[in-house]
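Structural overview
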Amino acid sequence: MKGFCYRCGAEDELIEGLCPICYAQEHPLIEVPEVVEMEVCHLCGSYKRKVWQSPKGNDVYEILDEIAYYATKDNIKKHHPDIEVEIIPHEPKQLPGGKRSRVEIPVTVIATGKLAGEKEEREERKDITVYLKMVQCPRCSRYKSSYYVATLQVRAMNRFLTDEEVEELDRFVREEVAKRLEKDRMAFITKFTRLKEGIDYQMGSMGGARNIAQAIKARYGGKITETAKLVGVDKNTGKNQYRITVVVRIPEYKIGDVVEYNEKLHVVTSMNENKLYMLTMDKRRDKISLSWNEVEKNTKLVRKWEECDTSTVISVTKDNIMVMDDETYEVYELDKVADVKEGEKVKILKKDGVAYFVGKIDEKS
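First things first, this report covers the structure right here in the doc.

Procedures and definitions
- Each chain carries its own residue numbering, running from 1 in the written order of its sequence.
- With pLDDT at 70 or above as the cut-off, local features in this predicted model cover only qualifying residues; side-chain atom pairs require 80 or more to be listed or tallied, and sums for whole chains, interfaces and linings still use all residues.
- For side-chain calculations, the full set of non-hydrogen atoms in the structure is used, while hydrogens and water are omitted.
- Salt bridges, as used here, are contacts in which a Lys or Arg side-chain nitrogen is within 4 Å of a carboxyl oxygen on Asp or Glu.
- A run of H or I in DSSP becomes a helix once it reaches four residues, and a run of E becomes a strand once it reaches two; helices and strands are each numbered from the N terminus.
- Burial classification: accessible surface area is computed with a 1.4 Å probe over protein chains only, and a residue below 20% of its type maximum counts as buried, one above 50% as exposed, and the rest as partly exposed.
- Axis angles are defined between N-to-C directions and span 0 to 180 degrees, where every axis is a line fitted to C-alpha atoms and, for a helix, only to the segment in contact.
- If an angle is under 35 degrees, it is roughly parallel; if it is over 145, roughly antiparallel; if it lies from 65 to 115, roughly perpendicular; otherwise it is oblique.
- Handedness of a crossing follows from how the near helix is turned relative to the far one, being left-handed for an anticlockwise turn of less than a right angle and right-handed for a clockwise one.
- By definition in these notes, contact holds between two residues if any of their heavy atoms fall within 4.5 Å.
- Under this grouping Gly is polar, as are all residues other than the nonpolar Ala, Val, Leu, Ile, Met, Phe, Trp, Tyr, Cys and Pro and the charged Asp, Glu, Lys and Arg.
- DSSP bridges decide pairing: two strands pair if at least two such bridges lie between them.
- When the sulfur atoms of two cysteines come within 2.5 Å, that pair is taken as a disulfide.
- Nine residue types can take part in a nonpolar core, namely buried Ala, Val, Leu, Ile, Met, Phe, Trp, Tyr and Cys, and a core is a set of them joined through side-chain atoms within 4.5 Å.
- Stacked, tilted and edge-to-face are the three classes assigned to paired rings of Phe, Tyr and Trp, where Trp is represented by its six-membered ring and a pair needs centres within 6.5 Å; plane angles under 30 degrees give stacked, over 60 edge-to-face, the rest tilted.

1. Side note on the pattern of salt bridges
Going through the model one piece at a time under the given rule, you end up with 18 salt bridges. Put simply, arginine 174 and aspartate 170 hold a salt bridge, and the shortest N to O gap is 3.0 Å. One end of the pair, arginine 174, and the other, aspartate 170, are both in helix 4 (residues 163-181), 4 residues apart, so they sit about a helical turn from each other. Arginine 174 sits in the partly exposed class, given a relative accessible area of 37%. We note a salt bridge from glutamate 176 to lysine 179, for which the minimum N-O separation is 3.3 Å. Note that glutamate 176 and lysine 179 are positioned in helix 4 at a spacing of 3 residues, about one turn of the helix. The buried category is assigned to glutamate 176, whose relative accessible area is 13%. Overall, the relative accessible area of 51% leaves lysine 179 in the exposed class. Linked through salt bridges whose partners overlap, the residues forming this network are Arg159, Glu165 and Lys254.

2. Quick notes on the packing of helix 4 against helix 5 (residues 206-220)
Relative to each other, helix 4 and helix 5 sit at 130 degrees, their axes nearing to 10 Å. Here helix 5 runs oblique to helix 4, going by the angle between their axes. In this structure, the crossing between helix 4 and helix 5 has a hand that is right-handed. Residues Glu168, Leu169, Phe172, Val173, Glu176, Val177 and Arg180 of helix 4 lie in contact with helix 5, whose contacting residues are Gly207, Gly208, Asn211, Ile212, Ala215, Ile216, Arg219 and Tyr220. Class assignment of the residues belonging to the contact of helix 4 with helix 5 gives a composition of 8 nonpolar, 3 polar and 4 charged.

3. Details of the pairing of strand 26 (residues 354-360)
Of all the 7 residues making up strand 26, 5 are buried; the element is thus mostly covered by neighbouring parts of the structure. Pairing of strand 25 (residues 345-351) with strand 26, which is carried by 6 bridges, proceeds in the antiparallel orientation. Bridge assignment links valine 346 to a residue of strand 26, and that residue is lysine 360. The turn linking strand 25 back onto strand 26 is made up of 2 residues, and aspartate 352 within it adopts a positive phi angle of 55 degrees.

4. Things to note about the sheet that holds strand 15 (residues 223-233)
Strand order in the open sheet made by the 5 strands is 13-14-12-16-15, with mixed pairing throughout. Two strands bound the open sheet, and with one partner strand each, they are strand 13 (189-194) and strand 15. Across this sheet, the average inter-strand angle for adjacent strands is 15 degrees, counted without regard to direction. Judged from the 7 bridges that link them, strand 12 (residues 150-156) and strand 16 (residues 240-250) form a sheet pairing that is parallel.

5. Some words on unusual backbone geometry
Unlike most non-glycine residues, serine 146 shows phi in positive territory, near 60 degrees. Within the secondary structure layout, serine 146 lies in the loop between helix 3 (138-144) and strand 12. A relative accessible area of 44% means that serine 146 is categorised as partly exposed.

6. Observations concerning the sheet that holds strand 25
A sheet is described by the order of its strands in space; here 5 strands give the open sequence 24-23-22-25-26, paired in antiparallel fashion. Across the chains shown, the open sheet's two edge strands, defined by having one partner strand only, are strand 24 (331-335) and strand 26. Going from strand to strand, the sheet's axes swing by 45 degrees on average, the running direction of each strand aside. Examined bridge by bridge, strand 23 (residues 320-325) and strand 24 share 5 bridges and lie antiparallel to one another. Bridge assignment links methionine 322 to a residue of strand 24, and that residue is glutamate 333.

7. Some details on the state of the cysteines
In a disulfide, the sulfur atoms of two cysteines are held together by a covalent bond. For the coordinates displayed, the defined rule picks out 0 disulfides. Looking at the unpaired cysteine 137, the closest cysteine sulfur is the one in cysteine 140, lying at 3.6 Å.

8. Points about the nonpolar core
Core analysis: the largest hydrophobic core is formed by 31 residues, its most contacted members being Ile30, Met38, Ile67, Ile105, Val107, Val130 and Leu132. Where this core is concerned, the elements lending two or more residues are helix 1 (20-26), strand 4 (35-41), helix 2 (60-73), strand 10 (103-113) and strand 11 (122-135). Among the elements that take part in this core, helix 2 stands out by supplying 6 residues, more than any other. Counting 25 residues, the second-largest nonpolar core is a separate cluster that includes Val154, Leu169, Ile199 and Ile216.

9. A short note on the packing of aromatic side chains
Summed over the entire model, instances satisfying the criterion amount to 5 aromatic pairs. Where tyrosine 143 meets phenylalanine 188, the ring centres are 5.3 Å apart and the plane angle is 85 degrees; that geometry is what we call edge-to-face. Of this pair, tyrosine 143 sits in helix 3 while phenylalanine 188 is found in the loop between helix 4 and strand 13, placing the two residues 45 residues apart along the sequence. Judged by relative accessible area, tyrosine 143 falls into the partly exposed class, the value being 41%. What makes phenylalanine 188 buried here is its relative accessible area of 2%. Geometrically, the ring pair formed by phenylalanine 192 and tyrosine 201 is tilted, given 5.2 Å between the ring centres and 45 degrees between the ring planes.

Next comes the structure, spelled out in structure tokens:
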């Protein structure tokens, strides 16, 4: 409806008594402060929105643009949901001040759209300044003070870890920590300890310790136990504070090892995070699967694969094979429990005057 604008007196189509120009001046598309401040950690580069978060970029200018973008975005109030906003960070400037110096980033905000009652879209441009306040985030503060809430212990069942296993497991743990840090900033390692029985990691996150223990179990098999210790009360919330110890024990055995179970000999054929699989070392070659709890309680190592005697197959019949020990040149007749050929290398176990077929060397390798 046409009329006279009560603000400037011009005759035009009115919106709430105002001409389109005056209405736009009285009713901006967006509201945003002229100055916005964002806390940024001077050690790790993380920044605080509602919570502290790590930057997505790697280049320093990409990170500064990212921080300026979110600092602006979080402080914009749109007066209509359909308004489109473009945020353009400009070249940052370092302000003097020694340890208290701040980074200033000019930002241009361009809003496009219309409010209820307007017929034509309009564009608004606002120039603001984002100041980066350099602080130390809680994560870095805790890391530097050797803070931890969980201890991850990596062990083996009924034996010590070998040097090779320690090296491999430590590499695996640190790879998993790097992955976990993308989701959980507190999943850092504050202390690493090498003990004769295994390796310990003090970590800043209970969830991180549990997650990495599960990753070890999924890859190597074994079992996980967890205990908790009360260490105090949070003075702000009044809640009890605990530290947990997560112990993951990888299997004592490897594929090809000979194990005693229920007073019978078995050879380990495979394993996963939940079970160990074996074959009986008799002519029947029955398949057996055991949970890791049962393995730890009810089995015993008889001979490691590498400790079994290496022999050469010298003849094969329908039901038997003849093998010759490569060191003693003694000949043994065994039940034919696998498809072997003359000249192949096999492992045998000699126990109580009886020789048993363990496996073919080429299959183990």
